[in-house]
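Chains, contacts and geometry: an overview
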Amino acid sequence: MFPSIRLKTAIRVGAGLAIWITYSWLAPTALAQKAYDPAPVPGATYAERGAETCMKCHDEAPVTHILYTPHAQRADKRTPFASHSCETCHGPSPEHLIKPAEGEKRASVTLNFGKNSKNSPDEQNALCLGCHQGGQHIAWQGSQHQFADLTCSSCHNVHAVKDPMTVKRSQSEACLNCHRTQRAQIQRISSHPILEGLVACSDCHSPHGSFGPKQLVKATVNDTCYQCHAEKRGPFLWEHAPVREDCSTCHSPHGSTQARLLKARNPWLCQTCHAAAFHPSTAYSGTGLPPPGARQVIAKGCLSCHSQVHGSNHPSGVRFMR
């Protein structure tokens, strides 16, 4: 889709001797050299006065809000309005401009957007990807949202002065319309401050696709968590295996009924890996009553003693107690 850029680089081997190496790649920056016309139709008839023609009828909000967005900057030749205004995206639609006979319905534009569109998701997305390809959108092809037949307009509103998806407080509402399980989880007593607008879904997930699991912005769960929780990264002198492997082994990232997003209350969370025998925290754990020397742990949690559960750098921290 984009023109190929070829550059030559000279590598000096010795005095007066240089080897020229040619590089070639697809450069999205080439869009800056030429205005993008998504569907150049030979002999197509465009509205003579562009957006002014369209807004004789479509003169109400929120349609007119697009005039205050980056898409409507005529001075920038990369934008739709620098080419054929509304018809750059909606396609040349001369039949739509003709007033229908009484009792007949006006012809539709060539390309419509939204769930009620006559155009397929691929047709709708191809228009947007003509400009928005590369960078954070590079993994869209093959992503979970692409396979689910989502369109760009399913989440984005290009006519809005401020796209809700670019605002932390309003972004989650758009995501949670589909992700109902996560909507319920973030309502729990312990959760990330998503409803407060301090954390957005895109802080952890890449909606346009990624190379990690669950469309995470990083390659692993831990690397994603470490963006905010860097103090848990380590390396530690004494490392806790489940912490090193996957944060979600113990934590429920979207919300939990337990403190600190834990999946279960301790000691029961710890005892999913560590046997309760000889070191129980309850009067009866299925392995008999605790011996006299272990009475001090009754009704206590593991963290009462093992406070450095994420890892320790103390020479005597092998049991994560300091």
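Residues numbered from 1 in each chain as written. Predicted model: local features only at pLDDT ≥ 70, side-chain atom pairs only at ≥ 80, totals over all residues. Heavy atoms only, no water.

Helix and strand counts for the protein chain come out as ten helices and four strands. Walking the protein chain from its N terminus toward its C terminus, one meets helices and strands in the order β-β-α-α-α-α-α-α-α-α-α-β-α-β. Per-residue burial over the protein chain gives 29% buried out of 322 residues. Contacts spanning at least 24 positions in sequence make up 45% of the contacts within the protein chain whose residues lie at least 6 apart. Here the protein chain has roughly 21200 Å² of accessible surface; of this, 58% comes from carbon and sulfur atoms. (Helix = DSSP H or I, 4+ residues; strand = E, 2+ residues; numbered from the N terminus. Buried < 20%, exposed > 50% of the residue type's maximum accessible area, 1.4 Å probe, protein only. Contact = heavy atoms within 4.5 Å. Areas by Shrake-Rupley, 256 points an atom, 1.4 Å probe, with all protein chains shown as cover.)

What follows is about the pattern of salt bridges. All told, the structure shown has six salt bridges when counted by the stated rule. Of the charged contacts, one joins D76 and R78 as a salt bridge, the two residues approaching to 2.9 Å between their closest N and O atoms. Take D76: its relative accessible area is 26%, and that puts it in the partly exposed class. The class of R78 is partly exposed, set by a relative accessible area of 45%. A salt bridge links R183 to E173; the nearest nitrogen and oxygen atoms lie 3.1 Å apart. Pair noted here: R183 is in helix α8 (residues 180-185) and E173 is in helix α7 (residues 168-176), with a separation of ten residues, a long-range link. For R183, a relative accessible area of 26% puts it in the partly exposed group. The exposure class assigned to E173 is partly exposed, which follows from its relative accessible area of 42%. (Salt bridge = Lys/Arg side-chain N within 4 Å of Asp/Glu carboxyl O.)

Residue position: T257 is located in the loop between α10 (241-245) and β4 (311-312). For T257, a relative accessible area of 56% gives the class exposed. A sequence separation of 67 residues divides T257 from S190, and the C-alpha atoms of the two residues are 6.1 Å apart. The residues contacting T257, other than those within four sequence positions of it, are R188 and I189.

Together, L67, Y68 and V161 make up a nonpolar patch on the protein surface, roughly 320 Å² of accessible area in all. Along the chain, the position of Y68 falls in the loop between α1 (51-54) and α2 (86-90). (Patch = residues over 30% accessible without salt bridge, like charges linked within 9 Å, V, L, I, M, F, W, Y side chains within 5 Å.)

Its place among the elements puts Q258 in the loop between α10 and β4. Leaving out residues up to four positions away in the same chain, Q258 has contacts with S190, A264 and R265.

Here the protein chain averages 82 in pLDDT, while 79% of its residues score no lower than 70. Note that pLDDT drops below 50 for residues 1-37; the model gives that stretch 61 contacts with residues more than four away or on any other chain. (pLDDT = per-residue confidence, 0-100.)

Here A61 and P62 are connected by a cis peptide whose omega angle stands at 5 degrees. In this model, N266 is joined to P267 through a cis peptide bond whose omega is 20 degrees. Tracing the backbone shows P267 in the loop between α10 and β4. With a phi angle near 65 degrees, D149 is a residue other than glycine that sits in the positive phi range. Mapped onto the fold, D149 is located in the loop between α5 (144-147) and α6 (152-155). Take D149: its relative accessible area is 52%, and that puts it in the exposed class.

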